[in-house]
Each structure stands twice: as structure tokens, then as C-alpha cells.
Amino acid sequence: MIATLKGFAQQLVPVNGIKINAVTGGSGPSILLLHGWPETWWEWHHVMPQLAAHFSVVAIDLRGAGFSDCPLGGYDKATMARDAHEVMAALGHQRYAVCGHDIGGMVALPLAAVYREAVTHLAVLDVPLPGWSGWEATIATLWHFGFHMSRDLPERLIHGREYDYVSSFMAERFYDHSSFDPADVEIYAKAMALPGRTRGGMEWYRTPAADHAAALEYKKQPLEIPVLALGGDHRFGPHMVPMVEEFASNVTGGSIARCSHYVADERPDAVAAALIEFIGAH
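None of the values given here were measured: they were computed from a predicted structure. (Residues numbered from 1 in each chain as written. Predicted model: local features only at pLDDT ≥ 70, side-chain atom pairs only at ≥ 80, totals over all residues. Heavy atoms only, no water.)

Engineer: Can you walk me through helix α10 (residues 208-218) in this structure?
Structural biologist: One turn of the α-helix equals 3.6 residues, which is why residues spaced by three or four share an orientation. Turning to α10, its buried residues are Asp211, His212, Ala215 and Tyr218. Down the axis, α10 shows its buried residues gathered within 115 degrees of arc, on one side only. (Buried < 20%, exposed > 50% of the residue type's maximum accessible area, 1.4 Å probe, protein only. Helix = DSSP H or I, 4+ residues; strand = E, 2+ residues; numbered from the N terminus. Arc of directions from axis to C-beta.)

Structure follows, in C-alpha cells:
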């Protein structure tokens, strides 16, 4: 059940009143990786060895996922960003780049906006961001936002059917199904079946008003650090750069070809190469 990656160590780091699972390896400038739903740090397992040749890599389980704690509250993205920042500080990384996908991207934005003295580079992968001018119209078209926001119902319906839900959800968001590994789905499903973790993942979707209001404030002081905005060409890729330009003045990126939502699973080599080039160029 416990997913391990050669060359990387796992530890529970006490931060912000909870414990966060952190997976670390490599050497050099620091980069933090934040996963999306319904995944864990394992989302990055194809990317991490490539990054570790250039960077000190830290991948965490967000609160409510994997082996991190799943408290009753604190799922607004600013609080989750504080979790992540305190992990990096506890591990001795005073300055670091951050890359977030999906919900992890929603956490990465406040991390960069609030902890400006620490974050050197920001990468956001395939996600509609709270605060974006198209946020409300976009999430209205995504059925799972409304379902996951519902109190108690998703937990009751998913219980005991974690593999069925995760596999169907992810398959719907893959372009190249030859890269859709059932063994990875098994890891995510078993993690979701741990006590409280289905609820934890649903709580990420239950704070949209607070996240949107906070992000509107971030826009008043645009980020000046280099920002990479990437997405699958069959998902949010075409929208990523103009969306992120609402929050930052130095944005590059675009679409990853022949790819949908789960960019690190479908096209890990392209994601790793883009991050290495992006951070190296700035």
C-alpha cells in the first residue's frame, strides 16, 4: 500500500497544528510539488527522478490526502498554502520554486502570493483558478464541483467504491489511455479509502467562496516572479496563460500536445523538461 520511490525518503513533518507527509530527494535549488484530486504525492513519481538530477525535490500529500492528517477544517487554499510553506521551512528550504497541478495549483497561487519572500518561481498546471474572471462560469460546467461540494453525500456514495470512482473519474480526463496505469489508480483509491481521506478530498471543494475572495485580493498586487502556466491541449491548456496573466506580469507556457488533464501522468517527460528549462532560464 505504501508507495515508495527509489532515491527518495518519506517523513511526517509537524506544521500548522497537523502533520504533513513529505517525500524528499535530489540536490540543488529547491522545488515543491503539490498534487491534485484524487491523487497523492505519487502523482509526481515519473517526474521526480528527472527533477532530482537538478533540484532538491519535495512532494507532499496535501492535508486531507494520503498519509497527511485530515483535520475537520482548514481546507481553504490559504491555510493549505501555509501547511506547504511551513513544511519547506521545517526542511530548511528558505527559498524555493513551487509547482501545483489541479487543486495543488489552487494552493500554489496563494503560496506565491502570500509568501513572496520565499517563492522564487511558480508553475500552475491545468486548473481553473479561483479569482480568475472565468472561474464561476467554468466551475458551473464541471459536474464534480457541485457533487463534491455537497455535504456528506459524496462520502456515503464513494465509500467502498473508491477504485470505481477514481478510475472512472481519471479515465474521463485522459487523452492517451495507454498512459493510464491501473496500478497508480489502485494507489490513489487505497489512499482515499483510509479513514477520513474521502472527506478530506471533498473538503477541498467546499471552500470556493473563501478561495475566490482571497484570490481577488491577490490580483491587486500581481506576482512579479517568473510564472509557468501549462495544461493539456485537450483540457485547460489554451486558457492557462491568459488566465494566469490576471495574477502575474511574467507568464509563459501554453499547451502540452496530445494530453488532457493529468499532465504529470500522461506526459511526465514533457512536464519535467518544461520545469527544468523554466527554472534554469530564470
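Engineer: How do you make sense of the environment of Gly105 when you look at a structure like this?
Structural biologist: By the element assignment, Gly105 lies in helix α3 (residues 103-114). For Gly105, a relative accessible area of 0% translates into the label buried. Each C-alpha atom of the pair Gly105 and Val23 lies 18 Å from the other, and the pair is 82 residues apart in sequence. If we ignore the near neighbours within four places in the chain, the residues touching Gly105 are Gly100, Val124, Val127 and Leu129. (Contact = heavy atoms within 4.5 Å.)

Engineer: Explanation requested: the packing of aromatic side chains in the structure shown.
Structural biologist: Geometry of an aromatic ring pair is reported as the spacing of the ring centres plus the angle between the planes. For the structure shown, the criterion picks out twelve aromatic pairs. Here Trp41 and Trp42 contribute two aromatic rings whose centre-to-centre distance is 5.4 Å and whose plane-to-plane angle is 85 degrees, an arrangement assigned as edge-to-face. Of the two residues, Trp41 and Trp42, neither departs from the other in class, the shared state being buried. On the basis of an interplanar angle of 85 degrees and a centroid distance of 5.1 Å, the ring pair of Phe145 and Tyr205 is categorised as edge-to-face. Here Phe145, found in helix α5 (residues 143-149), pairs with Tyr205, found in the loop between α9 (197-203) and α10; they are 60 residues apart in sequence, far enough to count as distant. Comparing Phe145 with Tyr205, the two get one shared label, buried. Among the aromatic residues, those joined into a cluster by ring pairs are Trp37, Trp135, Trp143, Phe145, Phe147, Tyr165, Phe169 and Tyr205. Directly above the aromatic system of Phe169 lies the positively charged group of Arg173, at a separation of 3.7 Å from the ring centroid. A cation over an aromatic ring shows up here: Lys219 above the ring of Phe247, its NZ or CZ 5.4 Å from the ring centre. (Phe/Tyr/Trp six-rings, centres within 6.5 Å; stacked < 30°, edge-to-face > 60°. Lys NZ or Arg CZ within 6 Å of the ring centre and 35° of its normal.)

Engineer: Got a minute to help me understand the side chain of Asp61 in this structure?
Structural biologist: Structurally, Asp61 can be placed in the loop between β4 (56-60) and α2 (77-90). Put simply, Asp61 is tucked away with no salt bridge, and the nearest opposite charge, on Arg197, sits 7.7 Å away. Among the polar contacts made by the side chain of Asp61, one reaches the side chain of Asn21 at a distance of 3.0 Å. In this structure Asp61 touches Ile20, Asn21, His35, Thr40, Trp41, Gly66, Phe67 and Ser68, once residues within four positions along its chain are discounted. (Lys, Arg positive; Asp, Glu negative; His and termini not counted. Salt bridge = Lys/Arg side-chain N within 4 Å of Asp/Glu carboxyl O. Polar contact = N/O pair within 3.5 Å; in protein donor to acceptor, adjacent residues only side chain to side chain.)

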